[in-house]
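Residues per chain, in single letters:
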Amino acid sequence: MAVRAVVIEADGGSRGNPGPAGYGAVVRDPETGEVLAERSESIGTATNNVAEYRGLIAGLEAAAELGAAEVEARMDSKLVVEQMCGRWQIKHPGLRPLAAQAAGLVSRFAAVRFTWVPRERNRHADALANAAMDAAASGVAPAAAPVKAAAREATVVRATGTDPATTPASWEPRPTEEATRLILVRHGETERTVQKRYSGRGDVPLTERGRAQARATAARVAALAPSVAAVVSSPLSRCTATAEAVAAQLGNPPVRTDDDLIECDFGVWEGHTFAEVREGWAAELDAWLASTKVAPPKGESFVTVAERTGRAVDRLRSAYPGETVVVVSHVSPIKLVLRDALAAGDAFLHRLYLDTAGISVLDLYPDGGVAVRSVNDTSHLTDA
């Protein structure tokens, strides 16, 4: 029996980029999670991106054989997802025929949606791809799994999520293209950070110590990056003051503000300590801690914050290819950028500590790869 809708999970990779390569694809029933089909194959020597496209094509072919009308394709390759959605150009000539083949398969369905997922949510396809890569390295090709008969009709489950870049394994060589480097700086100390109070949209100025931290951070940034294309800041004064100190150290490039870098709106919790929120809004606090989809009363959820910080990062990647940008923001936006860069789960947000005036560095590559170079560097703060 033909199925109405399916979920495809696809992945691919190589040992060396290029190197022995393979792909994996899984087709599931979106209601039950039942595996309807598996595909994997060793493809000789190829790049990661070629293997990822081959995995997508294999998944779409399997879905078509099952007679699916609606498809959600989930991949941990930002490059393939963005290119198939038409948001990124396909510059590499070797990928264009594969993208065209995938687009031809897409046209056979009534509806297709592409969704980026973290690597840990793509484990089945990743395991198939790794087995195929191992087989390619040994010269033995694994047998492709057959398409199973579908058991029932299903409806599409619409997945949601942020759109961060994938994190390459540390032993994989990076592409030859230059990365856009983001130097992420949390603003200096304020009275509310000292008192450990929720400080969201309230425009709280730096303390005297916070201004000293900003100057020390500026010197550290100048040592890390003598040449900076831009300094971009949250519009709140604790960030712009920190950004202006950095800019002064770098020869006074203009400080540009971006509203998408502003701190989370903590709503009625603004100005309160955690203990005060626990006492006054216990149920709401528990719900907020349990899910990034939940907002504080009259506030903003971390899902919403992640969407806008993701937009800001994408704009910087596009506007400053191969250049270095200093980004001055707040604890929540920076944590969310790092969570997505590391393809980490939401528990990461409550386990990572970011000091005032701490520095984190990440590189964003044109192929969608990300390399996190440092997190919460405070070596420049003598009293940290």
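In case you missed it, the structure is sitting above this.
Residues numbered from 1 in each chain as written. Predicted model: local features only at pLDDT ≥ 70, side-chain atom pairs only at ≥ 80, totals over all residues. Heavy atoms only, no water.

Let's talk about unusual backbone geometry
So, step 1. Following Asn17, the chain continues into Pro18 via a peptide bond in cis, with omega recorded as 5 degrees.
So, step 2. With respect to the helices, strands and loops of the structure, Pro18 is situated in the loop between strand S1 (5-14) and strand S2 (19-28).
So, step 3. In this model, Ala343 sits at a positive phi of 50 degrees, which is unusual for a non-glycine residue.
So, step 4. Relative accessible area serves as the criterion here: at 12%, Ala343 is assigned to the buried category. (Helix = DSSP H or I, 4+ residues; strand = E, 2+ residues; numbered from the N terminus. Buried < 20%, exposed > 50% of the residue type's maximum accessible area, 1.4 Å probe, protein only.)

Some thoughts on the sheet that holds strand S7 (residues 230-233)
So, step 1. Spatially, S8-S7-S9-S6-S10-S11 is the arrangement adopted by the 6 strands of the open sheet, whose pairing is mixed. The strands lining the two open edges of the sheet, one partner per strand, are strand S8 (255-257) and strand S11 (370-377). When strand polarity is set aside, the average angle formed by the axes of neighbouring strands in this sheet is 20 degrees.
So, step 2. One ladder, built from 4 bridges, connects S7 with strand S9 (residues 324-329); its direction is parallel. When the bridges of S9 are listed, Val232 appears paired with Val327.
So, step 3. In the packing of helix H10 (residues 302-319) onto the sheet, contacts are made with strand S6 (180-186), S7, S8, S9 and strand S10 (359-364), and the angle to S6 comes to roughly 140 degrees. (Pairing = 2+ DSSP bridges. Axes fitted to C-alpha atoms, helices over the stretch in contact; angles between N-to-C directions. Contact = heavy atoms within 4.5 Å.)

As for the nonpolar core
So, step 1. One finds Val6, Ile8, Val27, Leu56, Leu60 and Val71 to be the most contacted residues of the largest nonpolar core, which totals 37 residues.
So, step 2. When contributions to this core are tallied by element, the ones reaching two or more residues are S1, S2, strand S3 (35-46), helix H1 (48-65), strand S4 (70-75), helix H2 (78-84) and helix H3 (96-106).
So, step 3. Apart from the residues within four sequence positions on either side, Leu60 is in contact with Ile8, Val71, Ala102, Leu105, Val106 and Phe109.
So, step 4. One finds Leu184, Ala230, Cys264 and Tyr320 within the second-largest nonpolar core, a separate group that totals 33 residues. (Core = buried A, V, L, I, M, F, W, Y, C linked by side-chain atoms within 4.5 Å.)

Focus: the packing of aromatic side chains
So, step 1. Taken as a whole and judged by the stated rule, the model has 6 aromatic pairs.
So, step 2. When the ring of Tyr198 is compared with that of Phe266, the centres are 5.1 Å apart and the planes differ by 55 degrees; the resulting orientation is tilted. One end of the pair, Tyr198, is in the loop between helix H5 (191-194) and helix H6 (208-224); the other, Phe266, is in the loop between S8 and helix H8 (274-280), with 68 residues separating them in the sequence.
So, step 3. Using a relative accessible area of 5% as the deciding quantity, one classes Phe266 as buried.
So, step 4. When the centroid spacing of 6.4 Å and the interplanar angle of 80 degrees are considered together, the rings of Phe266 and Trp288 count as edge-to-face. Residue Phe266 is found in the loop between S8 and H8, and its partner Trp288 is found in helix H9 (residues 282-290); the two are separated by 22 residues along the sequence.
So, step 5. Trp288 sits in the buried class, given a relative accessible area of 7%. (Phe/Tyr/Trp six-rings, centres within 6.5 Å; stacked < 30°, edge-to-face > 60°.)

With respect to the pattern of salt bridges
So, step 1. Scanning the model with the defined rule gives 23 salt bridges in all.
So, step 2. Here Arg201 ties to Glu300 by a salt bridge, and the two come within 2.9 Å at their closest N and O atoms. With a gap of 99 residues between them, Arg201 in the loop between H5 and H6 and Glu300 in the loop between H9 and H10 connect regions that are remote in the sequence.
So, step 3. Exposure remark for Glu300: the relative accessible area of 10% places this residue in the buried category.
So, step 4. Here Arg308 and Glu300 are joined by a salt bridge, their closest N and O atoms 2.9 Å apart. Grouping residues by exposure puts Arg308 and Glu300 together as buried.
So, step 5. Via salt bridges that share partners, Lys78, Glu82, Arg87 and Asp314 belong to a single interconnected network. (Salt bridge = Lys/Arg side-chain N within 4 Å of Asp/Glu carboxyl O.)

A closer look at the pairing of S1
So, step 1. Of all 10 residues in S1, 10 are buried, a share of seventy percent or more.
So, step 2. Residues Ala5, Val7, Glu9, Asp11 and Gly13 line one face of S1 and the alternating positions Val6, Ile8, Ala10, Gly12 and Ser14 line the opposite face, and both faces are buried.
So, step 3. Pairing between S1 and S4: 6 bridges, direction parallel. Counterpart to Ala5 in the pairing with S4 is Glu70.
So, step 4. By the bridge criterion, 8 bridges tie S1 to S2 in an arrangement that is antiparallel. Among the inter-strand pairings, Ile8 is bridged to a residue of S2, identified as Val27.
So, step 5. Where S1 folds back onto S2 in an antiparallel hairpin, the turn is made up of 4 residues, including Gly16, whose phi is positive at roughly 130 degrees.

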